[in-house]
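Observations on chain architecture
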Amino acid sequence: GLLAFLVATLWLISRFLDRRISAPVTDLATVAEAVASGDLSTLVTPSNENDEVGRLSRATAAMVDDLRRVVGALRDSARETTARAAEITSGSENMAAAAEQMASTSGELSRQSTEMADAVQRMAHDAVRLQGIADRLAAGAHDGVERNAALRALAKENRQRFDASAIALEHLAGDARASADAVRALA
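What counts as what
- Residues numbered from 1 in each chain as written.
- Predicted model: local features only at pLDDT ≥ 70, side-chain atom pairs only at ≥ 80, totals over all residues.
- Heavy atoms only, no water.
- Helix = DSSP H or I, 4+ residues; strand = E, 2+ residues; numbered from the N terminus.
- Rg over C-alpha atoms; globule rule 2.2 N^0.38 Å.
- Buried < 20%, exposed > 50% of the residue type's maximum accessible area, 1.4 Å probe, protein only.
- Contact = heavy atoms within 4.5 Å.
- Areas by Shrake-Rupley, 256 points an atom, 1.4 Å probe, with all protein chains shown as cover.
- Lys, Arg positive; Asp, Glu negative; His and termini not counted.
- Charge placed at Lys NZ, Arg CZ, Asp CG, Glu CD.
- Salt bridge = Lys/Arg side-chain N within 4 Å of Asp/Glu carboxyl O.
- Axes fitted to C-alpha atoms, helices over the stretch in contact; angles between N-to-C directions.
- Parallel < 35°, antiparallel > 145°, perpendicular 65-115°, else oblique.
- Left-handed = near helix turned anticlockwise from the far one by under 90°.
- Nonpolar A, V, L, I, M, F, W, Y, C, P; charged D, E, K, R; others polar.

Focus on the overall build of the protein chain
Along the backbone of the protein chain there are three helices and zero strands. Ordered by position in the sequence, the α and β elements of the protein chain form the string α-α-α. Computed over the C-alpha atoms, the radius of gyration of the protein chain is 32 Å, more than 25% above the 16 Å expected from 2.2 N^0.38 for a compact globule of 187 residues. Counting only residues that meet the buried cut, the protein chain has 17% of its 187 residues in that class. Sequence-distant contacts, at least 24 apart, represent 68% of the contacts inside the protein chain between residues at least 6 apart. As displayed, the protein chain has an accessible area near 12800 Å², and 60% of this comes from carbon and sulfur atoms. Looking at the protein chain, you have 21 positive and 26 negative side-chain charges, and the mean spots of the two groups are 5 Å apart.

As structure tokens, then:
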């Protein structure tokens, strides 16, 4: 009877440890591996427990959400940069066309002075537009640098969280080993 009681108790302790520690830690490891491979679509279900595993799951969920926001911001920035580059290319083509027109009209300066004034005016308009595009591109580049700095800070912070989580998991594993040793000693 005592042996049956001990076996049942050990089985209950094993189930408890599996449900409270092993299964959640396995789920978090799966999420961390998916994030490390670049998959940010993995859903993290944070625990409502106030133990180390619960805190780790909430921190991991927050980290994955922050990474999703950062990646989205980087994608938006890349799209803006591409659009600005297309505008600059268009402005350059417009300026090249205006320069060709100026070259052809310079030989007929006396006869086409009115046309030349129009071409110069178009060039000035294009130059103003190009200056505006260059200003927007410079602002976009500045924003990109700021986002990059924020991303670095976020990565450093997440690294510190992972390090703290690893230490907490090591302590938790030590406690689990001590519990297992105590159960073996009791057995």
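Examining the side chain of Asn158
Along the chain, the position of Asn158 falls in helix H3 (residues 113–186). When near neighbours in sequence (up to four residues on either side) are disregarded, Asn158 contacts Met63 and Leu67.

A short note on the pattern of salt bridges
By the definition in use, this model includes 10 salt bridges. Salt-bridge contacts for Arg136 lead to Glu87; the nearest nitrogen and oxygen are separated by 2.7 Å. Pair noted here: Arg136 is in helix H3 and Glu87 is in helix H2 (residues 52–106), with a separation of 49 residues, a long-range link. Judged by relative accessible area, Arg136 falls into the partly exposed class, the value being 37%. Between Arg159 and Asp163 there is a salt bridge, with the nearest N and O atoms lying 3.5 Å from each other. One end of the pair, Arg159, and the other, Asp163, are both in helix H3, four residues apart, so they sit about a helical turn from each other. Its relative accessible area of 35% is what places Asp163 among the partly exposed residues.

Some remarks on the packing of H2 against H3
Where H2 meets H3, the axes come as close as 8 Å, and the angle between the chain directions of the two elements is 165°. Classified by the angle between their axes, H2 and H3 sit roughly antiparallel to one another. The handedness of the crossing between H2 and H3 is left-handed. Per-class residue counts for the contact of H2 with H3 are 24 nonpolar, nine polar and 12 charged.

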